[in-house]
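# Descriptive analysis of the structure
What follows is the residue order along each chain.
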Amino acid sequence: MEGTPSPRGGQREDVAAASVEVAEMAGNKRVALVTGTTSGLGREVALALAAQGVHVLAHGRDATRLEAVGAEVRAAGGQVDTYLADLADLSQVRALAEQVGADHPELAILVNNAGLGGGPPPHKKREVSADGYELRFAVNYLAPVLLTRLLLPRLIAGAPARVVNVGSVGQAPPDFGDLHMERRYDGADAYFRSKFSLAAFTFDLADELRSTDVHVNCVHPANFMDTFQVREAGITPWTSAAAGVEPVLNLALGRGGESTGQYFDGTRSSRANSKTYKKSVRQELGKVTEDCLAAFL
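Here Ser194 shows up in helix H7 (residues 187-208). Residue classification places Ser194 among the buried residues on the basis of a relative accessible area of 0%. Polar contacts involving the side chain of Ser194 include one to the side chain of Asn140, which spans 3.1 Å. When sequence neighbours within four positions are dropped, the list of residues in contact with Ser194 reads Arg136, Phe137, Asn140 and Tyr141.

Turning to the packing of aromatic side chains, a few remarks are in order. Scanning the model with the defined rule gives 3 aromatic pairs in all. Between Tyr191 and Phe192, the ring centres sit 6.0 Å apart and the planes meet at 65°, which makes this aromatic pair edge-to-face. We classify Phe192 as partly exposed; its relative accessible area is 24%. Ring centres of Phe203 and Tyr277 lie 4.9 Å apart, and the angle between their planes is 15°; on these two criteria the pair is classed as stacked. One end of the pair, Phe203, is in helix H7; the other, Tyr277, is in the loop between strand S8 (268-270) and helix H10 (279-293), and 74 residues separate them in sequence. Under the relative-accessibility criterion, Phe203 is labelled buried at 4%. Here Arg271 stacks its cationic end above the ring of Tyr277, 3.9 Å away from the centre of that ring.

Rules behind the numbers
Residues numbered from 1 in each chain as written. Predicted model: local features only at pLDDT ≥ 70, side-chain atom pairs only at ≥ 80, totals over all residues. Heavy atoms only, no water. Helix = DSSP H or I, 4+ residues; strand = E, 2+ residues; numbered from the N terminus. Buried < 20%, exposed > 50% of the residue type's maximum accessible area, 1.4 Å probe, protein only. Polar contact = N/O pair within 3.5 Å; in protein donor to acceptor, adjacent residues only side chain to side chain. Contact = heavy atoms within 4.5 Å. Phe/Tyr/Trp six-rings, centres within 6.5 Å; stacked < 30°, edge-to-face > 60°. Lys NZ or Arg CZ within 6 Å of the ring centre and 35° of its normal.

Printed below as a string of structure tokens:
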């Protein structure tokens, strides 16, 4: 998860090679919040940004592992603040946004990376969040939507700013008659539905922010990277977690140009599931999302 086919490179050496844009950002003391930094892609992205002088706000839900990442960044000479929150609890997502906003009035980059895969085979164990929502929909979709919306004033203040939603080529439209999959549960399908919803949100938010200098894009970073999600699913990784860094930084640092409201497969502009572009689907998704998040906005 983080993927389904089409492996491509993007190792740490590739990131270092494209240092001009990052150096410009570092000179401006840009601040980047990256969620899910205690392992996998999030850790690699945090290290890559910090190595170039970007002030990284590293999020995680395990205090010990989060502090280890913070120590790793500092040992390499990077600047980092750490933030502890469980994204399966929307009250903690709100508290995270409030703390980040209090500490940093301007935010230039938000990488919504944290997420859950489909779980171990046979993917039939249905779980719910602290708020009673299907867990993958809550963590992979509702949490980044809430976090992004709460941080919009900081992103607008830090413009030019960029929101990067880490998606997947695996996408499936939700069943609005059974949004939280109480009747026929499948973890992989739950994952695909959450990533469909995240892509659809990307397009809506980009349209909403056209008059600002906040760019919003969604990216499938690489296929079957060596992450916990992939290993838990019983899949042999095709590539390293570092392979996904360059596609994320391509958008986070604006190397992909002034694109907004787009879906990328790696560093190439691509097309998401066709129904993510359907207005009626996005409107219905927006309504149920608003209902889910009303108490927290």
